[in-house]
Amino acid sequence: ARAEERARLAAQLHDSAVQTLVVLRQQADDPDQVRALARRQERELRALMQDEPGVGGLAEGLGAVANDVEDLHGLHIERVLLGDAEAGDAVDALVAATREALVNVAKHAGTDKAHLFADVTDDRVSVTVRDRGSGFDVGSVGGDGGLTRSIRDRITGVGGTVSLRSGPGGTEVEMEVPR
């Protein structure tokens, strides 16, 4: 239980504090941006320390994640959300994994635009993140990077599946969890 809690905390810190620190380093010459990012990160860390529950639901969570990634990384995210699902372990994992997928687009795809598509049915919730960037060799991805730890492990940990396709025309990450 201690190892699981440590892994959960490490994933949350990776998704918020670590990514914000990277952006702060890149924006160090813009004091207004640094102050805004520091305030935002302070709020997130306080919420984490108070162990506040997850987001209000899928739509609210994905909206907050997309807004954060747009603010932090300048990535324009086109969004299509079909339905909503209440917060819970599976939805919270899906929202967190979506953040990582969008940040990966911003950092590695070589494009300033991503597509976010969510679909909710009676028995499942799926989210697809797609870009038209440079793509990569899926076989070259290491086992302890963001794709594995922050996406695949989160989704499979709640009984879901992840499908990844990538090539010169872009990358698509499909994530599905049971409802």
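Predicted model only: the values in this text are computed from it and were never measured.

Participant: Got a minute to help me understand the side chain of T20 in this structure?
Facilitator: With respect to the helices, strands and loops of the structure, T20 is situated in helix α1 (residues 2–26). Overall, T20 belongs to the buried group, its relative accessible area being 1%. Not counting chain neighbours up to four residues away, the residues in contact with T20 comprise L37, R40, Q41 and L72.

Participant: Can you walk me through the sheet that holds strand β3 (residues 124–131) in this structure?
Facilitator: Two orientations exist for strands paired in a sheet by backbone hydrogen bonds: parallel and antiparallel. The five strands are arranged β1-β2-β3-β5-β4 in an open sheet whose pairing can be described as mixed. For this open sheet the edge positions go to β1 (76–82) and β4 (161–167), each flanked by a neighbour on one side alone. On average, each strand axis in the sheet is tilted by 10 degrees relative to the strand beside it, whichever way the strands run. The pairing of β4 with strand β5 (residues 170–178) spans seven bridges and is classified as antiparallel. Counted as the bridge partner of V162 is M175 from β5. Most of the contacts of helix α3 (residues 58–73) go to β1, to which it runs at about 175 degrees, and overall it touches β1, β2 (113–120) and β3.

Participant: Is there a simple way to explain the pattern of salt bridges in this structure?
Facilitator: A side chain of one charge can pair with a side chain of the opposite charge when the charged atoms of the two come close. This model, assessed by the stated rule, comprises eight salt bridges. For R99, the salt bridge is made with D68, and the minimal N-O distance between the two is 3.2 Å. Of this pair, R99 sits in helix α4 (residues 89–108) while D68 sits in helix α3, placing them 31 residues apart in sequence. Its relative accessible area of 15% is what places D68 among the buried residues. The shortest N-O distance in the salt bridge between R165 and E172 comes to 2.2 Å.

Participant: Whenever I open this one, the environment of G167 confuses me. Can you help?
Facilitator: Considering the arrangement of structural elements, one finds G167 in strand β4. Residues G167 and E78, 89 residues apart in the sequence, show an inter-C-alpha distance of 21 Å.

Participant: Looking at this model, I keep getting lost on the layout of surface pockets. Mind explaining?
Facilitator: Unfilled space is identified by rolling a water-sized probe across the atoms. Its boundaries defined by the atoms lining it, the second largest pocket holds a volume of some 360 Å³. Together, 20 residues line the second largest pocket, and N104, V105, H108, F136 and L147 are the ones closest to its centre. Elements with a minimum of two residues in the lining of the second largest pocket: α4, β3, α5 (146–157) and β5. Counting residues per element, the lining of the second largest pocket draws most heavily on α4, which supplies five residues. Of the residues belonging to the lining of the second largest pocket, the class tally is 10 nonpolar, eight polar and two charged.

Participant: Is there a simple way to explain the confidence of the model for the chain in this structure?
Facilitator: Note: predicted coordinates in regions of low pLDDT should not be interpreted at a detailed level. Confidence in the prediction for the chain averages 86 pLDDT; 91% of positions are at 70 or higher. Helix α2 (residues 31–49) is the least confidently modelled element of the chain, averaging 75 in pLDDT, while β3 averages 98, the highest of any element.

Participant: Where do I start with the pairing of β5 in this structure?
Facilitator: Put simply, side chains in a regular strand alternate between the two faces of the sheet. In this structure, β3 lies alongside β5, joined through eight bridges in antiparallel fashion. Residue T128 lies in a different strand from β5, and its bridge partner there is E174.

Participant: So what exactly am I meant to see when it comes to α1 here?
Facilitator: Helical periodicity: at 3.6 residues per turn, an α-helix aligns residues three or four positions apart in one direction. Taking 1.5 Å per residue as the helical rise, α1 with its 25 residues ought to reach 36 Å, and the 34 Å between its terminal C-alpha atoms agrees with that figure. When α1 is considered as a whole, its buried residues turn out to be A11, H14, D15, S16, A17, Q19, T20, V22, V23 and L24.

Participant: Looking at this structure, I do not really get the nonpolar core. What am I missing?
Facilitator: Generally speaking, soluble globular proteins have nonpolar side chains that are buried together. Of all hydrophobic cores here, the largest spans 33 residues; its most connected members are L58, L94, V127, V129, I151 and M175. Elements supplying a minimum of two residues to this core: α3, α4, β2, β3, α5, β4 and β5. In this view, V127 contacts L58, L62, L94, T98, L116, F117, A118, V173, E174 and M175; residues no more than four positions away in its chain are not counted.

Scoring rules and cut-offs
- Residues numbered from 1 in each chain as written.
- Predicted model: local features only at pLDDT ≥ 70, side-chain atom pairs only at ≥ 80, totals over all residues.
- Heavy atoms only, no water.
- Helix = DSSP H or I, 4+ residues; strand = E, 2+ residues; numbered from the N terminus.
- Buried < 20%, exposed > 50% of the residue type's maximum accessible area, 1.4 Å probe, protein only.
- Contact = heavy atoms within 4.5 Å.
- Pairing = 2+ DSSP bridges.
- Axes fitted to C-alpha atoms, helices over the stretch in contact; angles between N-to-C directions.
- Salt bridge = Lys/Arg side-chain N within 4 Å of Asp/Glu carboxyl O.
- 1 Å grid on protein atoms, 1.4 Å probe; cavity = no way out; pocket = protein on both sides within 12 Å on 5 of 7 lines; lining within 4 Å.
- Points joined across faces, edges and corners; volume = space filled by probe spheres on them.
- Nonpolar A, V, L, I, M, F, W, Y, C, P; charged D, E, K, R; others polar.
- pLDDT = per-residue confidence, 0-100.
- Expected span 1.5 Å × (residues − 1).
- Core = buried A, V, L, I, M, F, W, Y, C linked by side-chain atoms within 4.5 Å.

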